[in-house]
Amino acid sequence: MKQTERLLIHLRRWRSNPLAFIREVLNVEPTDQQTDIILNFIQYRFIAVRSGNKVGKTAVCAWLLIWFMCCFKNARVPCTSPSESQLKKGIWNEVGIWYRNLPEYFKNQFTYTAESLTNTRHGTAWQSYIKTATKERPEVLSGAHSADIFVIMDEGSAIDGEIINNILPLLGSINAYSMIIGNPMRTSGYFFDLFHGKPSIFKKLLHYSAEDSPLMPQETLKAWLEAFGGRDSSYYKIHALGEFPASDSDQLISLYIIDEAKNRRLNKDEYEDADVIWGVDVGLDHDASTLVKRQGRKVYDIKKWRKVKDTVKLCGLIQEEYNKELKKYEEDEEHKDEEDYVKTHKLPKRINIDEIGIGRGTVDVLKGWKLPVFGVNVGWAPKEKGRFANLKAELWFMAKEWLELEAPQIPDDQDLITDLVVPKYQTNPSGKIKIESKDQIRKRIGRSTDTGDGFVLTLYRPKQVKVYI
Ligand SMILES: Nc1ncnc2c1ncn2[C@@H]1O[C@H](COP(=O)(O)OP(=O)(O)O)[C@@H](O)[C@H]1O
Ligand SMILES: [Mg+2]
């Protein structure tokens, strides 16, 4: 019997049994957790899944998407999430991988592009596609009516309730399915409420830990436990255990804010008019020395030097970085004296260096070498004296506000990300905000936040104009 005939005989069975389709057509063996998701999906049709990373939930969505598209005529499968880059890197990438794995018979029926999977003969009437859903465009999926519909929502924790409520009317037909999946990032919103007893269309709530997933390397979990200070840390809860972080946490910066900044892609015109500022945190013995480069809303480069035991040597490394940018600038005769051109060539207007202790020497040497350095002592009085105990607390709060309010972009740098979530804050007896000290942090997690410290230094402005209202 030819393969095509064999496939057609099985099609009826696959329609009611996606697990068999996944095994026999996609040729992959789901993990126990994935099998559980699939069985619940068949039984309940509307399911919500929260889990740690690498449970394989995005892959399951991609398999089920392909199953639905192959088994039901004029099927429609909209996929959404709040971020386009996540959609493309996540679900749509997986769909591409498994689409290419399909037997010719099924593959030939569809065309896969960067944004859709379309039946070649029926066109948009038989299609799966990705669309971002944001508060500004809550209606993205409306008009997607079909009797055979399956709506997939990835990164569910960040999808606005209004958007989900707009999608629900699409799901009134008999052959309707929906899955909302995600890491439990946020402690409010639709996804959070759903998992805390609020009635919804999602009839089955599922939860899986990455600790039980064979797709998750044990070394990764071990490294997270060390970097974030144990199983109770928000990071470990969200990314490994699939638990919501404690909402009464004294952690300064929420992880989802950092995640959003990491996934954001700014256009050039959104930062190129801003000054370039560098921040340097000096650590000569155990700690690393870090150099963080920021232009307006974008942190775009981070240098880390470990075990540089000598001040002058460290100064040499910083100067080398500076000279690299200077050289590009000088080689460009045409625009030599234009201030804007300093910016496009990414020459720092100022290099803020933590001058406490060993940093002092670095500032002096680099001043002597005529670099635009500025020594910052984070023990100085803050500008808002009534609110903060010292400049350090003020700078870290500026970092929090910058991340929350400026819609910035930061690189996917594990050190920066871990450092930003680590510091806790307290209010001292006189009501002023204090940030956990280097010593306390070292005691708690066994290292210091060098990259984070370099970053917050980029936010320091020597002569800040204070507006009193
Ligand atoms: N059953 C499986 N067998 C082999 N590889 C798998 C399986 N399930 C998922 N994968 C792969 O493992 C990786 C992590 O899966 P993913 O779906 O992204 O996890 P999650 O969305 O839970 O973080 C992906 O590269 C995916 O292709
Ligand atoms: Mg995923």
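Just above sits the structure.
A.B. asks: Hey, could you go over the sheet that holds strand β6 (residues 148–153) for me, with residue numbers and the actual values?
C.D. replies: Read from one edge of the open sheet, eight strands run β3-β4-β5-β2-β6-β7-β1-β8, paired in mixed fashion. The open sheet has two edge strands, β3 (110–112) and β8 (204–208), and neither has a second partner. Taken over all neighbouring pairs, the strand axes of this sheet differ in orientation by 10° on average, direction set aside. Strand direction decides the pairing type here: strand β4 (residues 116–119) and strand β5 (residues 123–132), joined by four bridges, are antiparallel.

A.B. asks: Requested: an account of the nonpolar core, with residues and values cited.
C.D. replies: Side chains of nonpolar character tend, in soluble globular proteins, to be buried together. Residues Leu-65, Ile-66 and Ile-152 are the most contacted members of the largest nonpolar core, which totals 116 residues. Domain assignment of the residues forming this core places at least three in each of domain 1 (3–212) and domain 2 (265–464). Apart from residues lying up to four places away in sequence, Leu-65 is in contact with Val-77, Val-95, Ser-128, Phe-150 and Ile-152.

A.B. asks: Before we move on, can you summarise helix α12 (residues 255–263) with the specific residues and values?
C.D. replies: Residues of α12 that are buried include every one of Leu-255, Tyr-256, Asp-259, Glu-260 and Ala-261, and no others. Buried-residue contacts for α12 involve α11 (234–241), α16 (391–405) and α17 (414–421).

A.B. asks: Report on the environment of Leu-170, specifying residues and quantitative values.
C.D. replies: The topology assignment puts Leu-170 in the loop between α8 (161–167) and β7 (175–182). Sequence separation between Leu-170 and Leu-266 is 96 residues, and the spatial gap between their C-alpha atoms is 33 Å.

What counts as what
Residues numbered from 1 in each chain as written. Chains lettered and ligands numbered in written order. Predicted model: local features only at pLDDT ≥ 70, side-chain atom pairs only at ≥ 80, totals over all residues. Pairing = 2+ DSSP bridges. Helix = DSSP H or I, 4+ residues; strand = E, 2+ residues; numbered from the N terminus. Axes fitted to C-alpha atoms, helices over the stretch in contact; angles between N-to-C directions. Core = buried A, V, L, I, M, F, W, Y, C linked by C-beta atoms within 7 Å. Buried ≥ 20, exposed ≤ 12 C-beta atoms within 10 Å, placed from the backbone. Domains from an automatic or database assignment. Contact = placed C-beta atoms within 7 Å.

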